[in-house]
Amino acid sequence: GICLVGHCFGKGFLKTTSLFFGLATGYILALVMGVIPFDKVEEAAWISLPRPFAYGVSFHLQPILIMVVIYLVTAVEFIGDTTATAMVCEDRLRGGILCDALSSVLSGVFNFAPNISYSDGVGIIGSTRVASRTVMMTSGVLITLAGLVPKFSALLYTMPAPVLGGACLFLTG
């Protein structure tokens, strides 16, 4: 509700940051109510480096065919999200599919599934009207930190599901 009120009735800074204030208010309320578990933060290590090919490398036809289908589906979704973002930004996004493909290959090297785009990103850009490369690079740094510093990742994990769900409803609604 806070996201929606800030977005509909706020101007300038308040309108742009309505999502942040909605998340922050929900988190603070959950913190006051004592429903945020910090045990995972205490247990998490400070640093964790990825181990490439932790599960080994092997090639089998059936999993390869399944992954090809997954890559094609995610490519179509990525095209839609990229097109919507370009329309919102009134800009052209070049090389997006190539970057998505390369990052999906790298995710396989580091023992993860192919990357997928989320329409929430289009919602964030559409609601805030902030389409900045600096913001995108800062987000990338934060995501990298979350992967390399498990304590930071565990802290992000403490976000209550209803708060995150409310923000997602605001973005996709």
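Thresholds, definitions, all that
The written sequence of each chain sets the order in which its residues are numbered from 1. Restriction of local features to residues with pLDDT of at least 70 applies here, the model being predicted, together with a cutoff of 80 or more for giving and counting side-chain atom pairs; totals for whole chains, interfaces and linings are based on all residues. To get the side-chain values, take all heavy atoms of the structure and skip hydrogens and water. Angles here are taken between N-to-C directions and fall from 0 to 180 degrees, while the axes themselves are lines fitted to C-alpha atoms, restricted in helices to the stretch in contact. Only DSSP runs of H or I with at least four residues qualify as helices, and only runs of E with at least two residues qualify as strands; both kinds are numbered from the N terminus onward. Any angle between 65 and 115 degrees counts as roughly perpendicular, while under 35 counts as roughly parallel, over 145 as roughly antiparallel, and the rest as oblique. Crossing handedness: left-handed means the near helix sits turned counterclockwise from the far one by under a right angle, and right-handed means the same turn made clockwise. We call two residues contacting when some pair of their heavy atoms lies within 4.5 Å. When residues are sorted by character, Ala, Val, Leu, Ile, Met, Phe, Trp, Tyr, Cys and Pro go into the nonpolar class, Asp, Glu, Lys and Arg into the charged class, and all the rest, Gly among them, into the polar class. Any pair of Phe, Tyr and Trp rings, taking the six-membered ring for Trp, is counted once the centres come within 6.5 Å. Such a pair is stacked with planes under 30 degrees apart, edge-to-face with planes over 60 apart, and tilted for the rest. Accessibility here uses a 1.4 Å probe with only protein chains present; expressed as a share of the type maximum, an area under 20% marks a residue as buried, one over 50% as exposed, and anything in between as partly exposed.

Participant: Can you lay out the packing of helix H3 (residues 18-33) against helix H10 (residues 161-172) for me, pointing to particular residues and giving the numbers?
Facilitator: In the contact formed by H3 and H10, the axes pass within 9 Å of each other and the chain directions differ by 160°. Between H3 and H10, the interaxial angle falls into the category roughly antiparallel. Crossing geometry of H3 relative to H10 is assigned as right-handed. From H3, Ser18, Leu19, Leu23, Gly26 and Tyr27 reach across to H10, where they touch Val163, Ala167, Phe170 and Leu171. Among the residues forming the contact of H3 with H10, the class breakdown is seven nonpolar, two polar and no charged.

Participant: Break down the packing of helix H1 (residues 2-9) against H3 for me, with residues and values.
Facilitator: It is at 8 Å that the axes of H1 and H3 come closest, and there the two elements cross at 155°. Of the possible angle classes, the one that applies to H1 and H3 is roughly antiparallel. As for how H1 packs across H3, the hand of that crossing is right-handed. Residues Ile2, Cys3, Gly6 and His7 of H1 lie in contact with H3, whose contacting residues are Ser18, Leu19, Phe21, Gly22 and Thr25. Residues that form the contact of H1 with H3 fall into these classes: four nonpolar, five polar and no charged.

Participant: Please set out the packing of aromatic side chains residue by residue, giving values where relevant.
Facilitator: Summed over the entire model, instances satisfying the criterion amount to two aromatic pairs. The interplanar angle of 75° and the centroid separation of 6.4 Å between the aromatic rings of Phe13 and Phe21 together place this pair among those described as edge-to-face. Its relative accessible area of 62% is what places Phe13 among the exposed residues. The class for Phe21 is partly exposed, based on a relative accessible area of 32%.

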